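# Coordinate analysis (summary)
Listed below, chain by chain, are the residues.
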Amino acid sequence: MNRAQQELMQNATVLTRAGRLQDATIALQRALGSAAFELPGFVAPAAPRFTAPRAEAGVAVRGVDAWRVLDGLVTDVKAKGKVNLADADRHAAADAFTTRTFSHGGRSITYKLFVPGGLGQVLRPLIVMLHGCTQNPDDFAAGTGMNALAVEHGFRVLYPAQAQDINPQRCWTWFKHNHQQRGRGEPALLAALTQSVMSEGAVDQDRVFIAGLSAGGAMATIVAQAYPDIFSAVGVHSGLARGTAKDAMAAMMAMKSGTGPAAAAVQADSIGVPTIVFHGDADTTVHPDHGGHVLAASFAAATVRRLSVQQGASAQGQRYTQEVYADVGGAVVAEYWQLHNAGHAWSGGSRHGSYTDPRGPEASREMLRFFMAHGRPHKN
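Remember, it's a predicted structure, so these values are computed and weren't measured experimentally.

### Points about the pairing of strand S10 (residues 304-313)
As judged from the nine bridges shared by S10 and strand S11 (residues 319-327), these two strands associate in the antiparallel manner. The partner of Gln-311 across the bridge, within S11, is Thr-321. In this structure, the hairpin formed by S10 and S11 is closed by a connection of five residues, where Gly-317 is found at a positive phi of approximately 90°.

### Thoughts on the side chain of Asp-283
With respect to the helices, strands and loops of the structure, Asp-283 is situated in the loop between strand S9 (275-280) and helix H10 (289-298). Buried within the structure, Asp-283 lacks any salt-bridge partner; its nearest side chain of opposite charge belongs to Lys-256, at an N-O separation of 7.6 Å. Within the structure, Asp-283 has its side chain in polar contact with the backbone nitrogen of Thr-285 (distance 2.8 Å). Filtering out sequence-adjacent residues up to four positions away, Asp-283 remains in contact with Ser-238, Pro-288, Ala-342, Gly-343 and His-344.

### Here's the deal with the side chain of Glu-335
Checked against the element boundaries, Glu-335 lands in strand S12 (residues 332-339). Exposure remark for Glu-335: the relative accessible area of 3% places this residue in the buried category. Reaching out from Glu-335, the side chain makes a polar contact with the side chain of Trp-337 at a distance of 2.9 Å. With near-sequence residues (within four places) excluded, Glu-335 lies in contact with Thr-275, Ile-276, Val-277, Leu-295, Gln-322, Glu-323, Val-324, Arg-369 and Phe-370.

### What about the sheet that holds strand S7 (residues 203-213)?
Strand order in the open sheet made by the 10 strands is S3-S4-S6-S5-S7-S8-S9-S12-S11-S10, with mixed pairing throughout. Two strands in the sheet have a free side with no partner beyond their single neighbour: strand S3 (96-104) and S10. Adjacent strand axes in the sheet meet at a mean angle of 20°, parallel and antiparallel pairs treated alike. Alignment of S9 against S12, held across six bridges, turns out to be parallel. Counted as the bridge partner of Gly-280 is Leu-339 from S12. On the sheet, helix H5 (residues 146-153) packs against S3, strand S4 (107-115), strand S5 (124-130) and strand S6 (156-161) and is oriented at approximately 155° with respect to S6. Sheet strands in contact with helix H7 (residues 215-226) are S5, S7 and strand S8 (233-237), and its direction is about 145° off that of S7.

What counts and what doesn't
Residues numbered from 1 in each chain as written. Predicted model: local features only at pLDDT ≥ 70, side-chain atom pairs only at ≥ 80, totals over all residues. Heavy atoms only, no water. Pairing = 2+ DSSP bridges. Helix = DSSP H or I, 4+ residues; strand = E, 2+ residues; numbered from the N terminus. Buried < 20%, exposed > 50% of the residue type's maximum accessible area, 1.4 Å probe, protein only. Lys, Arg positive; Asp, Glu negative; His and termini not counted. Salt bridge = Lys/Arg side-chain N within 4 Å of Asp/Glu carboxyl O. Polar contact = N/O pair within 3.5 Å; in protein donor to acceptor, adjacent residues only side chain to side chain. Contact = heavy atoms within 4.5 Å. Axes fitted to C-alpha atoms, helices over the stretch in contact; angles between N-to-C directions.

Okay, here's the thing in structure tokens:
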């Protein structure tokens, strides 16, 4: 046990003896939330969803079973980075969901950044969330519930906003050739924005991820494949593969017909990034075939095999098929969740946001699980 861990347990003991069990638990979880990502208990096996956290001895526990709170002591914690232990002796700071503006390459973009209170200077993951057409960051945050997961597990969430003067429906420009490659258009803008947030400090550069819905999902896979040096994995919900269309008319036709990008074009310059895909097989906005196209494009240049196929249903009765794919070394590189009789909506989302299907399974939790299993190995 290192010195930081010893001090951590001592602080927990002091707070417990003072009867401030909830203060101790919340402050320590928020101050050291990223440790949960490094513990064996965090990453569930290929199962439908996480096991719900269980409270011990009346203490409100927010994490997964990596956090074991017994007699007021937090055990099996692996701390990383700087720890502000003074935070353990007071209430954690308030959560912050702020609106900002960023400029790059002659264009400005508005975005929102969610930072759970009390994160301190411990290095934390960052997830970039790209909304769909007609949506905005507040709507997308409410619908996906990603901010609640950020509080629960200790990470930051970045929500870029597409400007209405760029696209009247606020769609990301995934369908134009000048927005489909590194160093140009919206991919360059979004990558620069992400790096700007990373430069503020306390972001684990080995655990930066991107996800999106519909047009946001299409742009997410473009950005991830164009910038694999920034993003360790991508989540695509009801989206389309990079190169599916080169203009707006072709995009509309592809969305209805299910036509995907030419295999040769995908293989020519595709860089494999671990990818998790969700798509409803009754989607009438983006043809269900595009889920398979996104999956294929994610490992077009690699040899993979299907590791497992699992069928199941959420607690609300939503049926799904989950396929897991591994590379030649046995490492999982992709998951494909086909949602049966589901439409164009974020699976397991909240009715407080648009384009959501509360029946589940919970795409946000499953993406988070997948992401945390695909952070780059830490450099010593």
